[in-house]
Amino acid sequence: DHAVEHITFHQGYCPPHAREVFVPDGGCEVVIDLSDAPKQRWHDEHGDRADTHKRGWVSGMRTSRIIIGTGSGAPMLVLRLRPGALPALSGLPASELNDAVVDLDLLLGPRFTGVRDALGEALETHGAEAMLADAERILAPLFPRCDDGHARLALAFDALRNSGGKGSVRVLSEELGCSQKHLNDLFHRHFGLGPKRFASVIRFQALLQRLEQESEPDWTQLALEHGYYDQSHMVNAFREMTGLSPTRYMAAKGPFLNWLPVSGR
């Protein structure tokens with residue numbers, strides 16, 4: 001619980017679309033694949049270039065979309081990490097994994113192999129429900145407790161989140177009694193992104209959540225309400241994080257926040 005916010009398990013997932021896009025949401029995830037077939041991470045929505053990953057991988061803090069293939073139906077666990085928990089898993093500053101996907105065999109070696117084997121055995125022997133009931137005990141070796149938590153870091157994270165990413169980093173550092181450089185170093189080490197860049201992801205997420213309630217958005221008004229200089233600034237942020245303009249995003253988005261199905265090749 002100190003490191004993982006929630007766990008999702010799926011098996012037999014074979015949707016009609018070929019690929020899925022996930023946009024930056026300010027979090028990091030660990031995927032444990034209990035099958036042996038490699039999975040594809042595509043460079044764009046319809047191209048031919050892809051990287052392959054197998055057995056398990058970690059996705060660091062993202063500032064642009066990630067595109068994955070679908071249709072394998074493999075049994076997989078997806079672990080959503082709590083903010084700042086990535087270094088406990090990897091033993092590295094979180095910034096080392098920004099916009100990267102790294103296989104857990106390479107990152108953790110036998111520590112990961114033992115956990116994955118135990119999960120696979122529990123699934124095969126007792127079924128998914130029993131495996132999930134015992135998941136915290138099995139996964140615990142991946143997430144040792146660390147005693148290097150910083151009260152300033154937690155306060156800064158809560159302040160950015162509560163402001164919808166619109167707070168001033170200078171003002172925030174003054175309120176916390178530290179320099180902007182020190183705050184920046186803490187964010188890079190624990191979250192991956194500096195506070196200014198991290199705030200931009202939070203601001204974008206606040207905008208996406210608002211769009212879930214809008215059928216005919218007033219883009220100019222929404223841009224101003226969410227801390228963008230103007231509509232053009234907001235459009236550029238949309239393109240950077242989703243690969244789409246706001247209007248195309250609204251037409252393409254699926255039923256879940258931060259998720260876009262991609263039909264065709």
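All of the points below concern the structure found in this document. Note that the structure is a prediction, hence the values are computed from the model and not measured.

The helix and strand tally for the protein stands at 12 helices and 10 strands. Relative to a compact globule of 265 residues, whose C-alpha radius of gyration would be 18 Å, the protein shows 19 Å and is just as compact. With respect to the principal axes defined by its C-alpha atoms, the protein has extents near 55 × 45 × 30 Å. Among the 265 residues that make up the protein, the fraction classed as buried is 46%. Of the contacts formed within the protein by residues at least 6 apart in sequence, a portion of 76% connects residues at least 24 apart. Split by element, the accessible area of the protein, about 13200 Å² in all, is 50% carbon and sulfur. One finds the centroid of the 28 positive side-chain charges in the protein at a distance of 4 Å from the centroid of its 34 negative side-chain charges.

Take the sheet that holds strand β8 (residues 76-81) next. Sheet strands pair by backbone hydrogen bonding; their relative direction is either parallel or antiparallel. The strand order β1-β8-β3-β6-β9 describes an open sheet built from 5 strands, whose pairing is antiparallel. The open sheet has two edge strands with one neighbour each: β1 (4-10) and β9 (101-103). Averaged over all pairs of adjacent strands, the angle between their axes in this sheet comes to 20°, without regard to strand direction. Pairing of strand β3 (residues 29-33) with strand β6 (residues 56-59) involves 4 bridges; the strand directions are antiparallel.

Attention now moves to the pairing of β6. Covered by surrounding structure in β6 are Gly-56 and Val-58 together with Trp-57 and Ser-59, the residues of both alternating faces. Where β6 lies against β9, 3 bridges are found, and the strand directions are antiparallel. Considered in β9, the bridge of Val-58 is made with Val-102.

Moving on, we come to the environment of Gly-192. Examined against the element boundaries, Gly-192 turns out to sit in the loop between α8 (180-190) and α9 (195-211). Every residue in contact with Gly-192, bar those within four places of it in the chain, is listed here: Ala-94, Ser-95, Asn-98 and Phe-187.

A few words now on the pattern of salt bridges. Tallied over the entire structure, the rule returns 15 salt bridges. Residue Asp-33 is joined to Lys-39 by a salt bridge in which the shortest nitrogen-to-oxygen separation is 2.5 Å. The same class applies to Asp-33 as to Lys-39, namely buried. Linking Asp-105 and Arg-55 is a salt bridge whose minimum nitrogen-to-oxygen distance equals 2.6 Å. Here the residue Asp-105 occupies a position in helix α2 (residues 104-108), and Arg-55 occupies one in the loop between β5 (50-53) and β6, the gap between them amounting to 50 residues. Here the salt bridges share partners, and the residues they tie into one network are Arg-210, Glu-214 and Glu-225.

Quick look at the sheet that holds β5 now. Spatial strand order, β5-β4-β7-β2-β10: 5 strands in an open sheet with antiparallel pairing. In this open sheet, the two edge strands, each paired with only one partner strand, are β5 and β10 (259-262). Going across the sheet, the axis of each strand differs from the next one's by a mean of 30°, ignoring polarity. As paired strands, strand β4 (residues 39-42) and strand β7 (residues 66-69) are joined by 2 bridges and run antiparallel to one another. Bridge pairing links Arg-41 to Ile-68 in β7.

Looking at where Arg-62 falls in the secondary structure, it is placed in the loop between β6 and β7. Although Arg-62 is buried, it makes no salt bridge; Asp-99 carries the closest opposite charge, 4.2 Å away. Here the side chain of Arg-62 touches Ser-64 through a polar contact of 3.3 Å, landing on its backbone oxygen. Contacts of Arg-62, omitting those with residues within four sequence positions, involve Pro-24, Asp-99, Ala-100, Val-101 and Val-201.

Rules used in this analysis
- Residues numbered from 1 in each chain as written.
- Predicted model: local features only at pLDDT ≥ 70, side-chain atom pairs only at ≥ 80, totals over all residues.
- Heavy atoms only, no water.
- Helix = DSSP H or I, 4+ residues; strand = E, 2+ residues; numbered from the N terminus.
- Rg over C-alpha atoms; globule rule 2.2 N^0.38 Å.
- Buried < 20%, exposed > 50% of the residue type's maximum accessible area, 1.4 Å probe, protein only.
- Contact = heavy atoms within 4.5 Å.
- Areas by Shrake-Rupley, 256 points an atom, 1.4 Å probe, with all protein chains shown as cover.
- Lys, Arg positive; Asp, Glu negative; His and termini not counted.
- Charge placed at Lys NZ, Arg CZ, Asp CG, Glu CD.
- Pairing = 2+ DSSP bridges.
- Axes fitted to C-alpha atoms, helices over the stretch in contact; angles between N-to-C directions.
- Salt bridge = Lys/Arg side-chain N within 4 Å of Asp/Glu carboxyl O.
- Polar contact = N/O pair within 3.5 Å; in protein donor to acceptor, adjacent residues only side chain to side chain.

Any functional reading would require information beyond the geometric quantities listed.
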